Amino acid sequence: MLFLLTTANILILSYYTANGYISPDSANYLGLAERILSGHGLFVPSDGRPEYFDVLFAMWPVGYPSLIAFFAWGLGISTFLASKILNVVLLNLAVFLMYRALGRPGLIAAGILLTAGTLTNYTYTWSEAPFLIALIILCLYLAGIVNGKYIVTISVTLILVGLLIAVFLFRYIGLFAIAPTSL
């Protein structure tokens, strides 16, 4: 039921609101996703600077536009629709993982993801959506390590490093997740 309601909320608001829940940041993410799909990789137009034709994209993390491009390519749909479907998947994945890891208390805690502010974040094409799910997965994984669910091996460490990289690729502030994880 939650999946259907969040899906309806995000898609209806996106398609029946004048701005489509696209902000300037959203347009940049979608623009890079389009460039990835068109074979330009992480290069964007140089904004008219004559000495450059294309410049390497570096103003915001590339993880989210890359995921959008992957969804658009995999589903054969526009980057706009792909970003909305991706956000639906991410939001519901977060709720499911919290429920799966913590049971009924996890579902209650996941209720914070269903408040107006967080739903707005998932309705816009903002990198907070994948960043938040990456943080949730990282926290649940760390809890599993601390509680002895996972024995620290090379593979567990590699997954942990992968999660830390993912958090950084979605938001540069994710770099600060390294310090508490190290503890």
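Just above, that's the structure.
For the structure given in this document, a descriptive report is provided here. (Residues numbered from 1 in each chain as written. Predicted model: local features only at pLDDT ≥ 70, side-chain atom pairs only at ≥ 80, totals over all residues. Heavy atoms only, no water.)

## Focus: the overall build of the protein
Then comes step 1: When its secondary structure is counted, the protein shows 9 helices and 2 strands.
Then comes step 2: Ordering the α and β elements of the protein from the N terminus gives α-α-β-β-α-α-α-α-α-α-α.
Then comes step 3: Taken against the 2.2 N^0.38 rule, which gives 16 Å for 183 residues, the C-alpha radius of gyration of the protein at 18 Å falls within 12% of a compact globule.
Then comes step 4: Overall, the C-alpha framework of the protein stretches about 55 × 40 × 25 Å when taken along its three principal axes.
Then comes step 5: When burial is assessed residue by residue, the protein has 38% of its 183 residues classed as buried.
Then comes step 6: Entry remark: accessible area of the protein is about 10400 Å², with carbon and sulfur atoms responsible for 73%.
Then comes step 7: Side chains of the protein give 7 positive and 6 negative charges; the mean places of these two sets differ by 20 Å. (Helix = DSSP H or I, 4+ residues; strand = E, 2+ residues; numbered from the N terminus. Rg over C-alpha atoms; globule rule 2.2 N^0.38 Å. Buried < 20%, exposed > 50% of the residue type's maximum accessible area, 1.4 Å probe, protein only. Areas by Shrake-Rupley, 256 points an atom, 1.4 Å probe, with all protein chains shown as cover. Lys, Arg positive; Asp, Glu negative; His and termini not counted. Charge placed at Lys NZ, Arg CZ, Asp CG, Glu CD.)

## Focus on unusual backbone geometry
Then comes step 1: Even without a glycine there, the phi angle at Tyr21 is positive, about 55°.
Then comes step 2: Looking at the element boundaries, Tyr21 is found in the loop between α1 (2–16) and α2 (24–37).
Then comes step 3: For Tyr21, a relative accessible area of 16% corresponds to the buried category.

## Points about helix α8 (residues 154–170)
Then comes step 1: The terminal C-alpha atoms of α8, which comprises 17 residues, lie 24 Å apart, in line with the 24 Å expected from a rise of 1.5 Å per residue.
Then comes step 2: If you follow the buried residues of α8, they end up packed against α3 (63–75), α7 (128–146) and α9 (178–182). (Expected span 1.5 Å × (residues − 1). Contact = heavy atoms within 4.5 Å.)

## Quick look at the packing of aromatic side chains
Then comes step 1: Using the criterion set out here, one finds 7 aromatic pairs in the structure.
Then comes step 2: Ring plane angle 75° and centroid distance 5.4 Å describe the contact between Tyr29 and Tyr64, whose orientation is recorded as edge-to-face. On the criterion of sequence distance, the pair formed by Tyr29 in helix α2 and Tyr64 in helix α3 is long-range, its members being 35 residues apart.
Then comes step 3: Looking at Tyr29, the relative accessible area reads 4%, which means it is buried.
Then comes step 4: Judged by its relative accessible area of 0%, Tyr64 is buried.
Then comes step 5: Plain terms: the ring middles of Phe70 and Trp73 are 6.2 Å apart, the flat faces sit at 40° to each other, and that makes the pair tilted. Placement of both Phe70 and Trp73 in helix α3 is noted, with a separation of 3 residues, approximately one turn of the helix. Here Phe70 matches Trp73 in class, with each residue exposed. (Phe/Tyr/Trp six-rings, centres within 6.5 Å; stacked < 30°, edge-to-face > 60°.)

## Here's the deal with the packing of α2 against helix α4 (residues 79–102)
Then comes step 1: Two elements in contact, α2 and α4, have axes whose closest approach is 10 Å; the angle formed by their N-to-C orientations is 115°. Our classification of the angle between α2 and α4 gives roughly perpendicular. Seen along the crossing, α2 lies across α4 with a hand that is right-handed. Note on element contacts: α4 touches α2 through Thr79, Phe80 and Ser83, opposite Leu30, Ala33, Glu34 and Leu37.
Then comes step 2: A class-by-class count of the residues in the contact of α2 with α4 yields 4 nonpolar, 2 polar and 1 charged. (Axes fitted to C-alpha atoms, helices over the stretch in contact; angles between N-to-C directions. Parallel < 35°, antiparallel > 145°, perpendicular 65-115°, else oblique. Left-handed = near helix turned anticlockwise from the far one by under 90°. Nonpolar A, V, L, I, M, F, W, Y, C, P; charged D, E, K, R; others polar.)

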